[in-house]
Structures are given as structure tokens and as C-alpha cells.
Amino acid sequence: MTIIGGGSAGLVLAVAGAKLGKKTALVEKHRIGGDCLWTGCVPSKALLKAAKVANYTRNAEKYGITVSDAVPDWQRVMDYVRGTQHAIEDEHDNPERFREMGVDVIFGAGHFEASDTFVVEDIESGETRTLKSKKFVISTGSRPVAPPIPGLESCDYLDSETVWELEAFPKRLLVVGAGPIGIELGQAFHRLGADVTIAQRSGRILTKEDTDVSEQMLHYLREEGITIRLNTNITHVVKGKPDGTSVTFSNSENETTEQTFDNILIAAGRAPNVEGLGLDTIGVQVGSRGIEVNNRLQTSVRNIYAAGDVIGHYLFTHVAAFQAQLLLRNIFFPLSNTINYAVVPWTTFCDPEVARCGLTETEAREKYGDVDVFTLDQNDVDRAVAEGETHGFSKVIASRWTGKILGVHLVGANAGEVIHEYVLAMQQGIPLRKLSGMIHVYPTFSSSVWRVAGKWFSESTLIQMLRKLLP
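Heads up: these notes are all about the structure in this document. Just so it is clear, the model here is predicted, and its values are computed rather than measured. (Residues numbered from 1 in each chain as written. Predicted model: local features only at pLDDT ≥ 70, side-chain atom pairs only at ≥ 80, totals over all residues. Heavy atoms only, no water.)

## Let's talk about the side chain of lysine 395
By the secondary structure assignment, lysine 395 is in strand 22 (residues 393–398). Its relative accessible area of 2% is what places lysine 395 among the buried residues. Within the structure, lysine 395 has its side chain in polar contact with the side chain of aspartate 210 (distance 2.9 Å). Side-chain polar atoms of lysine 395 contact the side chain of aspartate 212, separated by 2.7 Å. Once residues within four sequence positions are removed from consideration, lysine 395 is found in contact with Asp210, Asp212, Glu361, Val373, Phe374, Thr375, Gly407, Val408 and His409. (Helix = DSSP H or I, 4+ residues; strand = E, 2+ residues; numbered from the N terminus. Buried < 20%, exposed > 50% of the residue type's maximum accessible area, 1.4 Å probe, protein only. Polar contact = N/O pair within 3.5 Å; in protein donor to acceptor, adjacent residues only side chain to side chain. Contact = heavy atoms within 4.5 Å.)

In C-alpha cells form, the structure reads like this:
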């Protein structure tokens, strides 16, 4: 088996192939670990932690603690970020670790010459390697793309890959895009001392989230001091102004304003990495979102599979790993399996965190008609009150009669951890009434699950009807 791309999906497959005693090659153009380790999950979460510490010290008086001279040092913050990356690389993503397992790790760019032949220019040996395999997996990931803004190409803009090379901390930062990347990085830079403006073309932030979540997070971020421009287009960018880069904004009423920034960070979309692989020459179909696959993650060429960002379904590291696990069964075992995206959780690691699994309220009502909606304010979670982390709420959408969980939306501290109990319940078909019977440690953030589940016995449609029928 030959795996092209050393990100999350590729590494899961490489380890499994080696452990199963299969001859396995892993081809990577740059560095093992992929976007997640070097430009995505790991550095952004390390930066967010530094920003959260800065915010804690700035508001330490709230906890009765006096802190003086707590000034973020950008270079030292980046030293911390890079330190976390190298620690994970050394422990988990070191190429020698995979070679010791028996994986043939090859660094270099390559292309298909035939459906069973991949040619690589090995940058370590300087040789041209011709790899013959019965099975191939393409997991080359994705990259950030910039919208077509006049003048943008001339202003040395940043994106989620190049922002980690930033030498001087920007006093004035424009973030283009209010999705998870834009919100996370925008808040982090704001808390580290930048004057941040986030520009969004649509009328709300975090557009893939439930409307209540988007509205509440917009309120929190603006309350924190971040400027967020909704329904806004950038009509022109001019580099070389005496004090920075000039940006012209246009709103939905066609009113224009001009503002100057030190840097522009683009967080407005991604594209699959398919260029140069020679996919067209062997008949692998590529659509607008990425490589087209069936529900077994098989491309239009029978012996070639694809997984991760390159196929355009749920651009998350954990989903890529999930896809890789399915591919293991389909490649190495006789009975194939189909992918099921019915229960896919994700988290935006802003503060407070935003976590989701399943349908929004609008989606649930469109699919099922009437549903029950249970909400719990974070002020009703004792651990949140004790820690002064009361921003947020839990919102659970369930079927009216059985309490089957259809969607979960959490805003609050540790939401990305709390969501997993709901994920398990949804995966295994456990209704709310059964969750309410599970003992939860007190006081924990997870006790919010117990509190929400208990609402089924007082607020659900079934219970309300029974109360009316019974004397």
C-alpha cells in the first residue's frame, strides 16, 4: 500500500499497515504531521492557551488576585507554540518512529504515471523512486485560499499557514472571515494586545452553527472589544500607505469606509491539494470540493482511495482519522464498510468554546417537524459559577415522544470535552431519559448533561401530555 500525504489520515493508515505486516510506503512533500501539527490544530490551540492566560491575568482582580506588568511577549509566545509542536513531533510524528515500525517514509513530490504506479523525487536521496502498489490512498489535505479582493495579492497578507511565521506582532489586524479559524485567531490576537477587526460577508458569524450560538458568540466577542463587521465586502486594498495597509469596506447599504491595518489575515476558505498528482491522466475524478469518492471512500479508479481534507467532507483532523479507520477495514479485510456521517462532532476553540453534534434547531424542524428543545444556561452549572466561567448555554434538540437526541449545541468552558457524552448517546441511540439516570460527579462541567437530560421529565411533549391525561 502506498499512502500519499502524511497528515492525520495518512499516519493512521501507515501505522496500521505496518502493524498488520503489510508493505507500506508513506510519501510526504514537506513534514510529517500535516496541517494539524504545523499550521492548524496544535499551533492554534497553543496560541489560544497563551491568549487565555493573558486574559486571565488581565482580569485577575475578579478572583481577588493582583497582577502587575503582565505584558505578552510575542517572540516568547511563539517559542511556546513551537515548543508544543516539536514535543508532539518528537513523541508521535517523528519520521524515524514510522521507519522503525517498517514504514518506507519518502519525502518529496510525486505523480501517478499509471493507476498502479507513483513516481517520487526523493529529496533525501536525490533519487527518482518508482512505487508499484495494488492499493493507493490519497490524503494530501487542503490549503487556505484567498477571495478575489482587488489589491490583496500585493500586500503580503497572512493566512492560517503563514501567520506562524509572523515576526512582529501587529497592533492593528484585519481578519477576513468569521468561521472557526477567523474567530479563534482573531480572539487570540485581540487578547494578546492587537486591535482586531473581523470582516464577514454574511449576516452572522460561525454560519455552520445553530443561530442561537452564532448570536450569543457575536455578543460575547463584541463585548470583549473585538470589532466585527457583518454584511461587509472588501472592495479594495492599498499597500504602501505611510502608516500601513489601507482597506476599503462596503456594507449592504453600499456605504463605504476606509481603515488602516498593519496586517491582514485571510481565513475565508480552503482548497484541496490535488495539483501535480497526475490524477487526470489516470481517470481519478475531481470535483469542486475535492477528489470524488463513493461511500467506501473509493475514487473513480477502483484501487485508489482518498481521505481527509482532500475529499472535502468535514475538514477536521478527527474526521480524517475516522475515515482512515474505515479505509483500514475496506483495504485489508474482505468485507467492505460504508462511511456514516450521521454523528460528527466538532468544536471551535474560542473562549467560551463552541461545540456541536447533529442537527441545528432549524434543520431538525425541517426534517422532523415539531421537536423538543431543552436549554440550560451556564449560570445554572455550579462548577461554571465557582470558576467564574458563566458565559454560555447548552441547547439540545430531541424527538418529541422518545427523547432521541437529534442535535446538541454547547457554548461554554470545556464544551469540547462535555460534548462527548452526548456524542456517545447519539451514536448508541441512548435517549435523554437514560442520560438523566447516570450518576455525574459534582461539581463538574459535565453535570450540565445530567441537568439537561432531567428537563425531559418536566418539559418534554410526552410528559406534558401525560400530565394532562392523568388525574
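Additional details are given in the paragraphs that follow.
## Let's talk about the pattern of salt bridges
Side chains that differ in charge, positive against negative, can pair when their charged atoms come close. If you walk through the whole model with that rule in mind, you get 20 salt bridges. The closest approach of N and O atoms between arginine 172 and aspartate 243, which form a salt bridge, is 4.0 Å. Within this pair, whereas arginine 172 is found in strand 10 (residues 172–176), its partner aspartate 243 is found in the loop between strand 13 (233–241) and strand 14 (244–250), the two being separated by 71 residues in sequence. Here glutamate 361 and arginine 365 are joined by a salt bridge, their closest N and O atoms 3.1 Å apart. Note that glutamate 361 and arginine 365 are positioned in helix 10 (residues 361–368) at a spacing of 4 residues, about one turn of the helix. Each of the salt bridges in this network shares a partner with another, and the network as a whole consists of Asp210, Asp212, Glu361, Arg365 and Lys395. (Salt bridge = Lys/Arg side-chain N within 4 Å of Asp/Glu carboxyl O.)

## Quick notes on the sheet that holds strand 7 (residues 136–138)
One open sheet holds the 5 strands; their spatial order is 3-2-1-7-18, and the pairing between them is parallel. Strand pairing shows two members of the sheet lacking a second neighbour, strand 3 (104–107) and strand 18 (304–306), which therefore form its edges. Taken over all neighbouring pairs, the strand axes of this sheet differ in orientation by 20 degrees on average, direction set aside. Pairing analysis gives 3 bridges linking strand 1 (residues 2–4) to strand 2 (residues 25–28), with the strands arranged parallel. (Pairing = 2+ DSSP bridges. Axes fitted to C-alpha atoms, helices over the stretch in contact; angles between N-to-C directions.)

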